[in-house]
Amino acid sequence: MGLRPNLLTRRAAGVASTTLALLLSTAAVGVVPAASVLSAAPGASCAEPTDVHSDARVKKGGSAKLDPNELTAKQVRDREADLASALRERANFRAGAGAAPLATVTIPVVVHVIQRDTTRAGGNIPDSLVTAQIDVLNKAYAGTTGGAPTAFGFQLQKVQHVTNAAWYPIVQGSSAERQMKSSLREGGKNTLNLYLGELSDNLLGWATFPTRKLNSMDGVVALSESLPGGTATNYNQGDTGTHEVGHWLNLYHTFQGGCSGSGDSVTDTPAESSPAFQCPTGRDTCTAAGLDPITNFMDYTYDSCMYQFTPGQASRMLTAWNAYRAA
Ligand SMILES: [Zn+2]
């Protein structure tokens, strides 16, 4: 399966220049199961998993450490049970109040640029990168890059630069991360708080899944140089933001669960046994129908390779919005 023509137009340079790196670095990348990290997460429970992170992708040349919080099968079962329960509660509430589920959603976005000092190397990216990121989100979620349209649009409310060396880099799971978010988070459950900075462990980003009660950790963290025009080679077209917001809207990775079971709980994303890296066209790791969804935003491929959500993912995100994040 080739790239879509409109994708080639948008991203031809990235594809052409990364072919060699693809071949060279494939063997160095692997998955590090981190169930212990998850089971140690404060607040996690069967009834309502809270504060569950899920990371994006490793940087080119980075260490093999990734996915500090890949979900276990049990955690997925718990989350799915919680979603069903939340939907029942919402239906009962609506039967009384008469409020209809939303069909289209504009998400207010508050951006916190975390920096060590006022230099670019110290994290002070120009606001033009932030506005370019919002544009990438709007195009990806509208389906104009080649995928299914979703219900979601994004409206930038505020960009604030925060100079605090203690929060730089942002260390996933640290007390500093908790302090940072507790201090800075704005808005209700419907407000996307996007924290940008240098990140620990060569991570590109991580996000929280939606929960019934607003958690101060709620939000998306992304490498500032992953924004469109940033310096993160192969990962600087803004798709880390798109991927992490997908988690924030309740999507799992396309490789969740591997080849067996309900996978990512979306029926129109073919199963794949493991994350795909770079852009392995034709990859097919499960006997079930369909090639691996390497062009899906919820895989781990290069930004130049991923360009779509499926109708099933769009539906899942809207369902979760009405269960968890709608007013
Ligand atoms: Zn992820």
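**Section: the environment of aspartate 264**
- Inspection of the secondary structure puts aspartate 264 in the loop between helix 6 (239-248) and helix 7 (311-325).
- Considering only alpha carbons, one finds aspartate 264 and histidine 253, eleven residues apart in sequence, at a separation of 6.3 Å.
- Residues contacting aspartate 264, with those up to four places away along its chain left out, are Tyr252, His253, Thr254, Gln256, Thr269 and Arg316.
- A polar atom in the side chain of aspartate 264 sits 2.6 Å from the side chain of threonine 269.

**With respect to the side chain of arginine 185**
- Here arginine 185 shows up in the loop between helix 5 (175-184) and strand 4 (192-197).
- Given a relative accessible area of 14%, arginine 185 falls into the buried group.
- Here aspartate 218 takes part through its side chain, which lies 2.9 Å from a polar atom of the side chain of arginine 185.
- Excluding residues within four positions of it along the chain, arginine 185 makes contact with His112, Thr191, Asn193, Tyr195, Leu214, Asn215, Ser216 and Asp218.

**Regarding unusual backbone geometry**
- With an omega of 0°, the peptide bond running from tyrosine 168 to proline 169 counts as cis.
- Take proline 169: it is sitting in the loop between strand 3 (152-163) and helix 5.
- Phi is positive for aspartate 201, which is not a glycine, with a value near 60°.
- Assessed through its relative accessible area of 35%, aspartate 201 is described here as partly exposed.

**Section: the pattern of salt bridges**
- As enumerated under the stated definition, the model contains 13 salt bridges in all.
- Residue aspartate 218 pairs with arginine 185 through a salt bridge whose shortest N-O separation is 2.9 Å. Of this pair, aspartate 218 sits in the loop between strand 5 (205-208) and strand 6 (220-223) while arginine 185 is found in the loop between helix 5 and strand 4, placing the two residues 33 residues apart along the sequence.
- It is possible to trace a salt-bridge network through shared partners that takes in Asp82, Glu89 and Arg212.

**Remarks on the packing of aromatic side chains**
- Scanning the model with the defined rule gives nine aromatic pairs in all.
- Where tyrosine 141 meets phenylalanine 309, the ring centres are 4.7 Å apart and the plane angle is 45°; that geometry is what we call tilted. With tyrosine 141 in helix 4 (residues 127-142) and phenylalanine 309 in the loop between helix 6 and helix 7, the pair connects residues that are 168 residues apart, well separated along the chain.
- Residue tyrosine 141 is classed as buried on the basis of its relative accessible area, which comes to 0%.
- Owing to a relative accessible area of 1%, phenylalanine 309 belongs among the buried residues under this scheme.
- A connected cluster of aromatic rings, assembled from ring pairs, spans Tyr141, Phe154, Phe297 and Phe309.
- Here the basic side chain of arginine 325 rests over the ring of tryptophan 248, its NZ or CZ set 3.7 Å away from the ring centre.

Analysis parameters
- Residues numbered from 1 in each chain as written.
- Predicted model: local features only at pLDDT ≥ 70, side-chain atom pairs only at ≥ 80, totals over all residues.
- Heavy atoms only, no water.
- Helix = DSSP H or I, 4+ residues; strand = E, 2+ residues; numbered from the N terminus.
- Contact = heavy atoms within 4.5 Å.
- Polar contact = N/O pair within 3.5 Å; in protein donor to acceptor, adjacent residues only side chain to side chain.
- Buried < 20%, exposed > 50% of the residue type's maximum accessible area, 1.4 Å probe, protein only.
- Salt bridge = Lys/Arg side-chain N within 4 Å of Asp/Glu carboxyl O.
- Phe/Tyr/Trp six-rings, centres within 6.5 Å; stacked < 30°, edge-to-face > 60°.
- Lys NZ or Arg CZ within 6 Å of the ring centre and 35° of its normal.

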